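Structural overview for review
Here is what each chain is made of, one letter per residue.
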Amino acid sequence: RIRQDDLIESIASALQYISYYHPADYIAHLAQAYEREASAPARDAMAQILASSRMAAIGRRPICQDTGIVNVFLEVGMDVRWEGFDGSLEDAVNAGVRRAYLDPDNPLRASVVADPLFGRGNTRDNTPAVISMRIVPGATVAVTVAAKGGGSENKARLAMLNPADSIVDWVLAQIPAMGAGWCPPGMLGIGVGGTAEKAVLLAKESLMQPLDMHQLQARARRGETLAPEDALRLELHERVNALGVGAQGLGGLTTVLDVKIKTYPTHAAAKPIALIPNCAATRHARFVLDGSGPAHLEPPPLDLWPDLGAERGPAGRRVDLDTLTREEVASWRAGETLLLNGRMLTGRDAAHQRIRDMLARGEPLPADFRGRAIYYVGPVDAVRGEAVGPAGPTTSTRMDGYTGMMLERTGLLAMIGKAERGPEAVEAIRRHRAAYLIAVGGAAYLVSRAIRRARVIAFEDLGMEAIHEFEVADMPVTVAVDADGGNLHVSGPAKWRRTVGTREIPLALAGTA
């Protein structure tokens, strides 16, 4: 008999577990990519992710500040008997999610909004989960839980291809258009077949599979004959990495660590295909309930993480944010590492929209942005004497529509986030002689260690989207767009783009995706 309390406790425990432990196979693949990476910015980004991951595991604090929307996959045995349930199976799953996200020892950021169209009010406990269920033979319940961040989920793609269309060409066309907001290096999940909604589910399910690209490459080197699906995975892995996007979009040898494919029979006239990336903060775990009690997952050994030694810890130009001038900002160059010190403001989508509304009404702003830098972040709540919880950057393209307004009307000098900026935002930065800096996505716990003090100064009702003031010490960032319009997310991948075999990546197709 599967008891309600055991299911709730197991789901809560697993969600806490994946919030601070990377899967072991991801760390192994990332460590190998780090060792072979030749691009200095990409190598440093990987080092920060690895270091932050180990710190999160030791401190049992979230790998990423975006602790995700919960996905739960249930495989329910046909012979299962239930005990002690006072609601539906979905109610019990959501009770487990609620318990995990409200855990006072490691509170996880609530990111789910109840109404996607209008009010978009936060549910405050990250429920409901997105639940998929299959009825299978047996008397056990197998549960896979995953926490999917918005940056990677927002880059999902779906297409209804013709039967003769090339899957390889379609995938390669998507990668440049996806940019770096999904926080590479990560994985690609590809679902092919069924109907539109089935292809998307297949893509998500494929991301729950163990990483085995190293084994697949070794088999290919030994001259073994690969199954067609494995040969396709290997080809996509090589060709996607040949695009040169690199870690965090900075240009480099590794953009994806593995490519997963899951298929299903489909209509003779169709080839539905979906692509979902998984980011550097990949989080998922599986357990089985057999009626003997709640499931518990074993912590990974600390020697799983590579010894980075003296390599970790970027050198760079120290910047005093409290005395920042337009002339100093204009001296920064794309690709340069800066170590930020002093006070910065924070703000995301909701705060920027309120600022826009206040400016339109002629109202005074609740914070003075003149000569300041703003960090696009929604931090996790602090515990045990922390200044702030994990506080990695959010995807900056969501603020592109506000960039011209902020630079022109508030006196802002610099912005900090992750991933590329769109053409209009880059032009606004160049025109106002400002700068855009990036912190490493997936290194939220490491970034938070640089934050010495934090306080909310405006829009407290927005929760994690409130405007904070952070005081930081040697917070590492990279100049992504400089005052002359130099753009690292363009120059970096261009430098590392290469041809694989005899077939060039289809530039025209990629550019029109």
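Everything below is about the structure shown above.
Quick look at the structure, then. Counting starts from 1 at the beginning of each chain's written sequence and moves along it residue by residue. With the structure being a predicted model, the display of local features is reserved for residues of pLDDT at least 70 and the display and counting of side-chain atom pairs for 80 or more, all residues being used for whole-chain, interface and lining totals. Hydrogens are left out, water is left out, and the side-chain values use all remaining heavy atoms of the structure.

Observations regarding the side chain of arginine 283
- If you trace the backbone, arginine 283 turns up in the loop between strand S9 (271–278) and strand S10 (284–289).
- For the exposure calls, accessible area comes from a 1.4 Å probe over protein chains only, and a residue counts as buried if that area is under 20% of its type's maximum, exposed if over 50%, partly exposed in between. Note on charges: Lys and Arg go in the positive column, Asp and Glu in the negative column, and His and the chain ends are not counted at all. Salt-bridge detection follows one rule: a side-chain nitrogen of Lys or Arg within 4 Å of a carboxyl oxygen of Asp or Glu. Despite being buried, arginine 283 has no salt bridge partner; aspartate 66 is the closest side chain of opposite charge, sitting 5.2 Å away.
- Of the polar contacts made by the side chain of arginine 283, one reaches the backbone oxygen of alanine 281; its length is 2.9 Å.
- Any two residues having at least one pair of non-hydrogen atoms within 4.5 Å are treated as being in contact. Other than its neighbours up to four places away in sequence, arginine 283 contacts Ile18, Ile63, Cys64, Asp66, Thr67, Gly68, Val145, Ala146, Ala147, Lys148 and Gly149. In this description a helix means any DSSP run of H or I spanning at least four residues, a strand means any run of E spanning at least two, and both kinds are numbered starting from the N terminus. Pairing of N or O atoms within 3.5 Å defines a polar contact, subject to two protein rules: one partner must be a possible hydrogen donor and the other a possible acceptor, and residues neighboring in sequence count only if both atoms are side-chain atoms.

Brief notes about the sheet that holds strand S4 (residues 130–136)
- Pairing between strands is defined by DSSP: at least two bridges between the two strands are required. Read from one edge to the other, the open sheet built from 4 strands follows the order S4-S2-S5-S10, with strand pairing classed as mixed. The open sheet has two edge strands, S4 and S10, and neither has a second partner. Looking at each pair of strands side by side, their axes are set apart by 15° on average, direction ignored.
- As paired strands, strand S5 (residues 141–148) and S10 are joined by 6 bridges and run antiparallel to one another. Among the inter-strand pairings, threonine 144 is bridged to a residue of S10, identified as arginine 286.
- To get an axis, fit a line to the C-alpha atoms, keeping to the stretch in contact for a helix; angles then go from 0 to 180 degrees between the N-to-C directions. In the packing of helix H1 (residues 4–20) onto the sheet, the strands contacted are strand S2 (69–77), S5 and S10, and the crossing angle to S10 comes to about 155°.
- Set on the sheet, helix H7 (residues 196–206) makes contact with S2, S4 and S5; between it and S2 the angle comes to about 95°.

Details of the side chain of glutamate 37
- Mapped onto the elements, glutamate 37 comes out in the loop between helix H2 (24–36) and helix H3 (40–59).
- Despite its burial, glutamate 37 pairs with no opposite charge; the closest candidate is arginine 36, at 6.1 Å N-O.
- Among the polar contacts listed, one links the side chain of glutamate 37 to the backbone nitrogen of serine 39, at a separation of 3.0 Å.
- In this structure the side chain of glutamate 37 is engaged in a polar contact, spanning 3.0 Å, whose partner is the backbone nitrogen of leucine 253.
- Residues contacting glutamate 37, with those up to four places away along its chain left out, are Ala42, Arg43, Met46, Gly252, Leu253 and Thr254.

A word on the packing of H1 against helix H4 (residues 89–101)
- One way to put it is that H1 packs onto H4 with a least axis distance of 8 Å and a crossing angle of 40°. With respect to each other, H1 and H4 are oriented oblique. Viewed along their axes, H1 and H4 form a crossing whose handedness is right-handed. Residues Gln4, Leu7, Ile8, Glu9, Ile11, Ala12, Leu15 and Gln16 of H1 lie in contact with H4, whose contacting residues are Leu89, Ala92, Val93, Ala95, Gly96, Val97, Arg99, Ala100 and Tyr101.
- Of the residues contributing to the contact of H1 with H4, the split by class is 12 nonpolar, 3 polar and 2 charged. Orientation categories follow fixed angle ranges, with anything under 35 degrees roughly parallel, anything over 145 roughly antiparallel, 65 to 115 roughly perpendicular, and all other angles oblique. By convention the crossing between two helices is left-handed if the near helix lies anticlockwise of the far one by an angle smaller than a right angle, and right-handed if it lies clockwise. Classes in brief: Ala, Val, Leu, Ile, Met, Phe, Trp, Tyr, Cys and Pro nonpolar; Asp, Glu, Lys and Arg charged; the others, Gly included, polar.

Let's talk about H7
- Of all the positions in H7, only Ala199, Leu202, Ala203, Lys204, Glu205 and Ser206 are classed as buried.
- Where H7 is buried, its residues contact S2, S5, helix H5 (150–153), strand S7 (186–194), strand S8 (256–266) and S9.

Observations concerning the sheet that holds strand S6 (residues 157–161)
- Read from one edge to the other, the open sheet built from 4 strands follows the order S6-S9-S7-S8, with strand pairing classed as mixed. Across the chains shown, the open sheet's two edge strands, defined by having one partner strand only, are S6 and S8. Looking at each pair of strands side by side, their axes are set apart by 15° on average, direction ignored.
- Pairing analysis gives 9 bridges linking S7 to S8, with the strands arranged parallel.

Focus: unusual backbone geometry
- Here the amide bond leading from threonine 127 into proline 128 is cis, since omega sits at 0°, within 30 degrees of zero.
- With respect to the element layout, proline 128 can be found in the loop between H4 and S4.
- Proline 184 connects to proline 185 through a cis peptide bond whose omega is 10°.
- In this structure, phenylalanine 459 is a non-glycine residue whose phi angle is positive, near 60°.
- Along the chain, the position of phenylalanine 459 falls in the loop between strand S16 (451–458) and strand S17 (467–481).
- Phi is positive for aspartate 474, which is not a glycine, with a value near 50°.
- Within the secondary structure, aspartate 474 sits in strand S17.

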